[in-house]
Each structure stands twice: as C-alpha cells, then as structure tokens.
Amino acid sequence: MYLKQKLCFVVVLCISTGLLFASGNTQQQSIQSAGGPTTLVVGMQTNPNILDYKDNYQTRYVEKMNNISIDFYMLPNILADARSKVALLVSSGDLPDVLQMGLATEAALEYGSNGAIIDQTSYLMDKTKSPNFWNIPEADRNAMLVNMKAADGKIYNQLIWQPESWNLTAHRQYINKAWLDKLGLKTPVTTDELRNVLSAFRNQDPNGNGKQDELGVYGWFGGTYGENVTAGLINSFVFYNKDELALDDAGNKVIAPFVQPGFRQALQYLSSLRQNGLLEPSLFTNNQQEYRAALAANPSVVGFVSAGSVGNWVDADNNANFLQLAMIPPLKGPAGLNYTPYTGFIPGAVGYISSTCKVKDVAWKYLDSFYDHDLSIIVRFGEEGVDWTRDPNVLASQTNAYVSAGLYPKITIVETSLVWNNPNNTIWGNPGPRYASEEQGNTRGSLTRPFVPESKVAILDAYNYQWYVPNHPKFILPPLKFTLAEAQKIGAPITDVRNFVQQAIAEFTVGTRDINNDTAWNTYLRELDNLGLQQWLTTAQAAYDRSK
C-alpha cells in the first residue's frame, strides 16, 4: 500500500508545501486535487551531477507544462543496484507512479506479464493522447514502435531516441598518407590495391629508419570500439557485424553472416595478408596498452589501422603519428562490396507506468511530453537563452563539420554553456524519454567547443557521415526481443557461438586452421551447429517475425 492512514496528515502537509522528496520508500500516492496540480511520484536514478532535483529548471518546466507536482523517489546511481531495488519494490507492490530508468528487457517483460507495470499501447496509439509522439517524423516513429514492442507484442516503456552518426560506424579505417606520398602511391580503393600498397610499405622503408619494422594491417582484435581492424576488412566481402546475426537481401530471413561464402573469402584474404607479412599477427593477442604503444611509436610504424576514437592518439590534432594518417572510405572487395560494421542505434528503454498509479492518464501525458521538441532539447542541453540558443544571429555565425562540408544547410541550435556532465540544478541528466533526430544532432553548433576548420579531427565527422554511415545493406536486423523462455533456451548457444567465431577468425588468419581446406571449413560449420547456431537462428527468426 502506498499510504498508511497514520501518514495521511504528514503527506498532505508536505504536498501542500511542495517539500516531499522521497529517497527510501514509496509510501506516497499520486494525488489529484480539484483545480490544482496533480502530484506524481517519479522514480529515477540519482545522478551525482544534479545538485537539486526540486529546485531545478527542468522540474519547474515539466511541472508547469503538465500541471503537476513531481515527488521524486531516488534510486541508486549504479544501474545494477537500481534494478535490484526496483525488483524489491515490485515484490512489495510499492512502485512509484512512473519509473524513469532503464530495465533489462526480460525484467520489463516479466513485470508487464505479472501486472506490475501497464501496457501503454492504447495510450501511445491514440493520437489525441500522444500528440508529441505522433509529431515525430514517420520513419523514426515507426522505428521507435518496433523498438518499444516487447516479446508479447505489448508496449511497456518509452524510449530515449537520440541516434548519433559518429557512434553508428566505429570501424573507421586510416592509412598512412605520409608513406603513400613518400613512395608516390595512390590511396587504395580496393582490397587488392591495399595489398599492393602494404607490400610497398613493407619493402621500401617509408619511415626512413633503415629497418623493416613497418606494420601493414594493425589493430586490436579485442577492442570494442572500432579497433578490430579485421572486422572492417571482412565487410569488403560480406556484411558482418562482428558475431551478430543479420538479414538476407530481401529483409525477410535471419542469417548468420559468418557461415556465408563471402565470410570464407574474407578470411582467405586476411590469411594471405598474414602469410605475406602484410598483417601483424600480434593484433590477435595484444591489449589496449600495446595497441596504443604501436600507434605512438617513433618513428611511426603503422601503415593501416582502424579506430573508433581519435583518443587512441594523445592530443590527436597535434600528434605527429596521427597527422600522418588519413581516414579513407571502406575498401571495395572483389565483388564490389564496401560495407562497414554498422552498430544500429539501440535506444534506451525508459518510462514505465506502475499498475498502482491512480492517475494513469496524467502519468501518460507526462511521459508523452518528453517527446515535445523543445523539452527534448532542454533535457539534454538545459535552459534556452542560457545554455543553448536558436537566436538567428548566433546560428548564422556558427558552423560544424557537417554544415561546412555542405551535408546540411545550416546550424539549428547552438550550445552556449556546458551543463551536461557538470554539477548543476538545471536538468536531470536525461533519464528519458527523449526524441532527437539524427539531423538535429548533426546540426548543432557550440560556442564552448567551436568548430575549427583547420582541425584534422574536427572534419572527421563529415568524412564518417559520407563514407561510413550509408555503407550497410538496405535491411538491418533490429534488436530482438525474446520471451523469458527463449532467452533461457538460447543464452548459452549465443555465448558459445560468438566466442567460437572470434576464435576461428584468429585461427584461420594465423594458419592454425587452413581456410583454403574444404575439410577445415566444413569442420568449422559443423562445430557451429553443435554449439547451437541453428537453435539461435530459429529463435531469432521467430522474434524478428513478431517485431514485424
């Protein structure tokens, strides 16, 4: 129960003075007074950068917008601890009216199935009750609906939808342009041209130290943000998102890229580079420290590498080794493919309404308000006119990599102060929901971090947007929602298959397994089936069909 009789007087008194700020229990309830604001209990994780939630610009803005008074129920800052606390609250039947944090997919399905949180579908699909959601452009709105739907076909949460171009395609490839210029070579466009360039790098001492210490293809196989150079090169032969499943060309069938003929051809290419001394085998066994040490060697020794972050080079804009490199488009393979690993945007699932909430219509209006265009800017950047601006004169004076390259016509907002990740009582730290289009993110200017056209790092955003973001198949497999039974059934096979694929790539490349031997390849395929690949595929197909 939210409210014990002996607490009524205290709660009413606190509400009337606007002082209720819960942190240890939810023995409160949503209260709707005649003509006055409705009190809504909102649970969210504590953010150490937020100095005050009640005396807070965003709080006042949201309360006025929705004619409510918010009572905060603060959950632990660490996500695992917050989820454990929510599990206890569910068990006690004592959830806040709105839960504004991320839950594990399986947990949300369980809470929805047992009635702890409500199905929001009827609210969401009613345009009169969800005006802000239905103002979202159709393509994004449809994609959001796919991501909202749980395995049982119901919708229990809303989303933080804010795709960022830079993070979609982390396997950006760089070649040593200084070496190309010294040897009179052109930038390679195909995998065969790369092979020829790497041979010249190995044999002609482009770093000028009299040693054959130049590394051809180099990277960090265990890296998680673009450092795995083999993943990018495999995409010149077949679309491959590391060890994930994908869709066929028609967008109907779930497939495993790592059993396709193109995958074998890619491994044959990698193996041939290694056999000819053009791929450094240590990339399979090194760590981040060793990877970065090679990038920092003096003189430079790296000819071709991939990386998601320029932070792998200390002070990249003034780093001699990084300044030798140039980002290039994904290389074309023998069939003309030049895909890149594409980490499709995975939105944050937030915004649940408890079944015990007594003002569900108010709670829903509150959640939908976060999709309002202005509020979606506020929750990320702060107060308009203080922390960001749409002043035409300021906009006209600013640019960024995308606008400078002619990819967008103009800047749409300018950040004027840094609220995000700094102590403040302006915002809540974006616990969601939120909608911001990819275009909105790409047309932002900043007075605190102005665009410098001469900066080699700054222009990389535009190159990435032109060369990498579009280079994926028409149909991308969305995040799949499994039932509890399905998740339990395929949990072990997914882990085992993924680990085995990574091991096999290394073994086929360095020669422990012979990629040119049909028996060795067929053994690899049988081992995948023995580990449960077909079970994974069948279950994924069922989940994908549900999502459609």
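Preceding this paragraph is the structure being described.
Every value quoted in this text rests on a predicted model; they were computed, and no experiment measured them. (Residues numbered from 1 in each chain as written. Predicted model: local features only at pLDDT ≥ 70, side-chain atom pairs only at ≥ 80, totals over all residues. Heavy atoms only, no water.)

Draft legend 1. A look at the overall build of the chain. Tallying secondary structure elements over the chain gives 23 helices and 17 strands in all. Computed over its C-alpha atoms, the radius of gyration of the chain comes to 27 Å, within 12% of the 24 Å expected for a compact globule of 548 residues. Expressed along its principal axes, the backbone C-alpha trace of the chain runs to roughly 85 × 60 × 40 Å. Relative to its full complement of 548 residues, the chain shows a buried share of 52%. Counting contacts in the chain only where the partners sit at least 6 residues apart, residues at least 24 apart contribute 76% of the total. Total accessible area on the chain is roughly 23600 Å²; 52% of this is exposed by carbon and sulfur atoms. Within the chain, one finds 43 positive and 51 negative side-chain charges whose respective centroids are separated by 3 Å. (Helix = DSSP H or I, 4+ residues; strand = E, 2+ residues; numbered from the N terminus. Rg over C-alpha atoms; globule rule 2.2 N^0.38 Å. Buried < 20%, exposed > 50% of the residue type's maximum accessible area, 1.4 Å probe, protein only. Contact = heavy atoms within 4.5 Å. Areas by Shrake-Rupley, 256 points an atom, 1.4 Å probe, with all protein chains shown as cover. Lys, Arg positive; Asp, Glu negative; His and termini not counted. Charge placed at Lys NZ, Arg CZ, Asp CG, Glu CD.)

Draft legend 2. Here's a closer look at the side chain of Thr 509. Here Thr 509 is to be found in helix H21 (residues 484–510). For Thr 509, a relative accessible area of 0% puts it in the buried group. Every residue in contact with Thr 509, bar those within four places of it in the chain, is listed here: Leu 270, Ser 271, Arg 274, Leu 279 and Phe 284.

Draft legend 3. Highlighting unusual backbone geometry. Here the amide bond leading from Asn 298 into Pro 299 is cis, since omega sits at 0°, within 30 degrees of zero. With respect to the helices and strands, the residue Pro 299 is situated in the loop between helix H13 (288–295) and strand E10 (302–307). Cis geometry marks the peptide bond from Gly 432 to Pro 433; its omega dihedral reads -5°. In this fold, Pro 433 is placed in the loop between strand E15 (413–415) and strand E16 (434–435). In this structure, Lys 242 takes a positive phi of about 55° despite not being glycine. Its location among the elements puts Lys 242 in the loop between helix H11 (229–234) and strand E8 (246–247). Accessibility expressed as a relative area gives 33% for Lys 242, which makes it partly exposed. Even without being a glycine, Asn 430 presents a positive backbone phi close to 60°. With respect to the secondary-structure elements, Asn 430 resides in the loop between E15 and E16.

Draft legend 4. Quick peek at the environment of Asn 235. Along the chain, Asn 235 falls in the loop between H11 and E8. On a C-alpha basis, the gap between Asn 235 and Pro 330 in space is 8.3 Å, while along the polypeptide they are 95 residues apart. Apart from the residues within four sequence positions on either side, Asn 235 is in contact with Tyr 240, Leu 337, Asn 338, Tyr 339, Thr 340 and Pro 341. Here Ala 231 takes part through its backbone oxygen, which lies 2.8 Å from a polar atom of the side chain of Asn 235. (Polar contact = N/O pair within 3.5 Å; in protein donor to acceptor, adjacent residues only side chain to side chain.)

Draft legend 5. View of the nonpolar core. By size, the foremost hydrophobic cluster in this structure holds 58 residues, and its most contacted members are Phe 258, Phe 263, Phe 304 and Tyr 524. Contributions of two or more residues to this core are made by helix H9 (177–183), helix H10 (191–203), H11, helix H12 (261–275), H21, helix H22 (518–530) and helix H23 (533–547). Here this core gets nine residues from one element, more than from any other, and that element is H21. Apart from the residues within four sequence positions on either side, Tyr 524 is in contact with Phe 258, Phe 263, Phe 500, Val 501, Ala 504, Phe 508 and Arg 513. One finds Ile 118, Tyr 366, Phe 370 and Trp 428 within the second-largest nonpolar core, a separate group that totals 43 residues. (Core = buried A, V, L, I, M, F, W, Y, C linked by side-chain atoms within 4.5 Å.)

Draft legend 6. Here's a closer look at empty space enclosed by the protein. Applying the stated criterion to the full structure yields two cavities of 30 Å³ or more. By volume, the largest cavity is sized at about 70 Å³. The element that contributes the greatest number of residues to the lining of the largest cavity is H23, accounting for three residues. When the residues that make up the lining of the largest cavity are grouped by side-chain class, the tally is six nonpolar, one polar and three charged. Volume-wise, the second largest cavity comes out at about 40 Å³. Along its surface, the second largest cavity is lined by Leu 295, Ser 300, Val 302, Trp 313, Asn 321 and Leu 325. Its residues assigned to classes, the lining of the second largest cavity shows four nonpolar, two polar and no charged. (1 Å grid on protein atoms, 1.4 Å probe; cavity = no way out; pocket = protein on both sides within 12 Å on 5 of 7 lines; lining within 4 Å. Points joined across faces, edges and corners; volume = space filled by probe spheres on them. Nonpolar A, V, L, I, M, F, W, Y, C, P; charged D, E, K, R; others polar.)

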